[in-house]
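# A structural walkthrough
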Amino acid sequence: MAADPASGAGAALVGAGYAVPAAVVGNDTIAARLGVEEAWVSRRTGTRVRHVVGPGERLEDLAAEAAARALKAAGIDAGSVDAVLVGTTTADEMSPHTAPLVAADIGAQGAAGIDVSAACVGFLSCLATGTAMIESGRARTVVVVGADVLSRYLDLDDPQSAMLFGDGAGAVVLSAVDGPTHVGPVVLRSDGQSRELIRLARDEQRIRMDGPAVYRRAVTMMTEVTTELLGRAGLAPGEVDLFVYHQANSRILRAVGAHLGLDGSRVVDLVGRFANTSSASLPIALAVSVEEGRLRAGDRVLLAAFGAGLVWGGTVVTWGRDGGTGADGA
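Per an unreviewed UniProt entry, the protein chain is named Beta-ketoacyl-ACP synthase 3, and its organism is Acidiferrimicrobium australe.

Below is the structure:
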C-alpha cells in the first residue's frame, strides 16, 4: 500500500450489507426470567426482539456474510479489496483477530486485515481509518465491518443490561472516487475517566453498566456531537436527509431528536427489530435504510455513536458515488 499523495482521491460509501443470526429472542422470554412485565422491557428500551448466536456460530461468519453482501451491492470484486477493517469487541479468539479471517472468507486474499476495538464506536472508527487510507492514496477499496455478539457476555439476571443487546454484523464498501471526498467531517472523542459506567471485565466476562448514568451521558454526547458536526459541515438539520445514530435504546434516540428539534421521520430507529448490536448497529441501520428505500444515492447522512470507554463520535457522509448504487440486505 504505497502512498500516492498526488492521487487527489476522495472516498465514497458505495454499498452496504448486513447479517444476523437466525435465532430470535423476544421480550417475553427476558421478562419472564427477570420477573417483570413484558411491557416494562419494551417501554424502557424500545426493543421487541433481538437476534442471538447459538452454539458453534461465529462472529467471523456474520462479518464475512455482511462484507460479501456489501461488495455485491457495490458491484465490486473481492479481489480488488485493499483492506478489510473490522470494528468489534467480541472476536471469536484473542488471536487470530477477525479481519484477516473475513478477508480470506470473502476472497480478498492478501488484503490488509485490521481489527479495531472501540466498543460501539468501532465501526465509526474503522470508517474514519478507511477513509484516511483512501484519501492518502494508500488504498482504493476498503471493506469496513462492524460486528459484535454481546449476547455471550450478558448476565441474564441483570435488569440493567439483559434486555438491551442483540448480535449481528454490518458492512460498507469504501471506494476511491475522483474529486472531493464524500466522508467528512469526522469527530472522535473519549473520556477514560468515565470508564466505570460500562465495563466488560476479562475475568468476569459479563457486561456491567450504570444504566441511568449511561442514558444521561449518551443523550448529551450524541446531541453535542451532532451540533458540532452540523457546524463543521456548515449544515442546518433540515439539510440532512437521514440521522443514523447508534441503535442503543429508542428512548435515547427520541431524547436526542427532541433536544435538536429533528424531524422524527428522518431519525432511523431499528431498536425494536435488532436491539443494540454494538459496533454493528450503524452499518445495519445503513443497509436496512437502503433496503427499505429510505436512503438513496446522493442523500446526506449524519452518523453518530457512543460506547464504553467512554468513546463517542460521528461524521457526515453523502451516500454513494455520483449516480451510484445503494446496498444489499440480509
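From this point, the narrative continues.
This structure, assessed with the given rule, holds 14 salt bridges. Linking Arg 58 and Asp 92 is a salt bridge whose minimum nitrogen-to-oxygen distance equals 3.5 Å. Of the two residues, Arg 58 is situated in the loop between strand S3 (49-51) and helix H3 (59-74) and Asp 92 in the loop between strand S4 (83-87) and helix H4 (98-106); the sequence distance between them amounts to 34 residues. In this structure Arg 58 comes out as partly exposed when scored by relative accessible area, which is 25%. Accessibility expressed as a relative area gives 24% for Asp 92, which makes it partly exposed. A salt bridge links Arg 208 to Asp 155; the shortest N-O distance between them is 2.9 Å. Highlighted residues: Arg 208 in strand S10 (residues 207-209) and Asp 155 in the loop between strand S6 (141-149) and strand S7 (167-178), separated in sequence by 53 residues. For Arg 208, a relative accessible area of 29% puts it in the partly exposed group. Where salt bridges share partners, they join Arg 58, Glu 60, Asp 92, Glu 93 and Arg 152 into one cluster.

Let's shift gears to the environment of Ala 233. Along the chain, Ala 233 falls in helix H6 (residues 211-233). By relative accessible area, which is 29% here, Ala 233 ends up partly exposed. Not counting chain neighbours up to four residues away, the residues in contact with Ala 233 comprise Pro 185 and Val 316.

Taken together, the four strands give an open sheet; going across it, the order is S8-S13-S12-S11, and neighbouring strands pair in mixed fashion. Two strands lie at the open edges of the sheet, namely strand S8 (183-190) and strand S11 (242-245), each paired on one side alone. This sheet shows a mean twist of 10 degrees between the axes of neighbouring strands, independent of strand direction. Note: S8 against strand S13 (residues 311-318), six bridges, orientation antiparallel. Residue pairing for S13: Val 183 is matched across the bridge by Val 317.

Below, the discussion takes up the sheet that holds S6. The five strands are arranged S1-S7-S6-S4-S5 in an open sheet whose pairing can be described as mixed. Here the strands that pair on one side only, and so sit at the sheet edges, are strand S1 (9-19) and strand S5 (112-116). Between one strand axis and the next, the sheet turns by 20 degrees as a mean value, whatever way the strands run. Inspection of the sheet shows S6 paired to S7 by nine bridges, in the antiparallel sense. Opposite Val 143, over in S7, you have Val 173 as the bridge partner. Across the sheet, helix H5 (residues 122-135) touches S1, S4, S5, S6 and S7, and the angle it forms with S4 is around 160 degrees. Docked against the sheet, helix H9 (residues 281-291) engages S1, S6 and S7, running at close to 85 degrees with respect to S1.

Remember that side chains alternate between the two faces of the sheet whenever the strand is regular. Among the 12 residues that make up S7, 11 are buried, leaving the element largely enclosed by the rest of the structure. Sheet topology note: the S1/S7 ladder contains 10 bridges and is antiparallel. For Ala 9, the partnering residue across the bridge sits in S7 and is Asp 178.

Of the consecutive residues Ser 95 and Pro 96, the connecting peptide bond is found in the cis state with omega at 5 degrees. On the secondary structure map, Pro 96 appears in the loop between S4 and H4.

This brings us to the layout of surface pockets. Size it by volume and the largest pocket reaches roughly 1,000 Å³. In this structure, the largest pocket is lined by 43 residues; those nearest its centre are Thr 89, Ala 119, Leu 150, Leu 200 and Ala 308. In terms of residue count, H6 provides more of the lining of the largest pocket than any other element does, four residues in total. The residue inventory of the lining of the largest pocket, partitioned by class, reads 23 nonpolar, 14 polar and six charged. The computed volume of the second largest pocket comes to approximately 180 Å³. Residue lining of the second largest pocket: Val 25, Thr 29, Ile 30, Arg 33, Arg 50, Val 52, Ser 151, Leu 154, Leu 156, Ala 162 and Phe 165, and that is the complete set. Residue contributions to the lining of the second largest pocket peak at three residues, all from helix H1 (residues 27-34). Here the lining of the second largest pocket is built from residues that sort into seven nonpolar, two polar and two charged.

Turning our attention to the side chain of Thr 47. Looking at the element boundaries, Thr 47 is found in the loop between helix H2 (38-45) and S3. Leaving out residues up to four positions away in the same chain, Thr 47 has contacts with Asn 27, Ser 42, Met 163, Val 271, Gly 272 and Ala 275.

Remark: the centre distance and the inter-plane angle together describe each pair of aromatic rings, the angle taken between the planes. Tallied over the entire structure, the rule returns two aromatic pairs. Each ring, one from Tyr 18 and one from Phe 274, has its centre 5.9 Å from the other, and the planes form 85 degrees; the classification is edge-to-face. Taken together, the residues Tyr 18 in strand S1 and Phe 274 in helix H8 (residues 271-274) connect sequence positions 256 residues apart. Residue Tyr 18 shares its accessibility class with Phe 274, and that shared class is buried. Their ring planes at 25 degrees and their centres at 6.2 Å tell us that Phe 243 and Tyr 245 sit as a pair that is stacked. With respect to class, Phe 243 is no different from Tyr 245; both count as buried. Geometry around Tyr 215 places Arg 251 over its ring, the cationic atom sitting 4.6 Å from the centre.

Definitions and cut-offs
Residues numbered from 1 in each chain as written. Predicted model: local features only at pLDDT ≥ 70, side-chain atom pairs only at ≥ 80, totals over all residues. Heavy atoms only, no water. Salt bridge = Lys/Arg side-chain N within 4 Å of Asp/Glu carboxyl O. Helix = DSSP H or I, 4+ residues; strand = E, 2+ residues; numbered from the N terminus. Buried < 20%, exposed > 50% of the residue type's maximum accessible area, 1.4 Å probe, protein only. Contact = heavy atoms within 4.5 Å. Pairing = 2+ DSSP bridges. Axes fitted to C-alpha atoms, helices over the stretch in contact; angles between N-to-C directions. 1 Å grid on protein atoms, 1.4 Å probe; cavity = no way out; pocket = protein on both sides within 12 Å on 5 of 7 lines; lining within 4 Å. Points joined across faces, edges and corners; volume = space filled by probe spheres on them. Nonpolar A, V, L, I, M, F, W, Y, C, P; charged D, E, K, R; others polar. Phe/Tyr/Trp six-rings, centres within 6.5 Å; stacked < 30°, edge-to-face > 60°. Lys NZ or Arg CZ within 6 Å of the ring centre and 35° of its normal.

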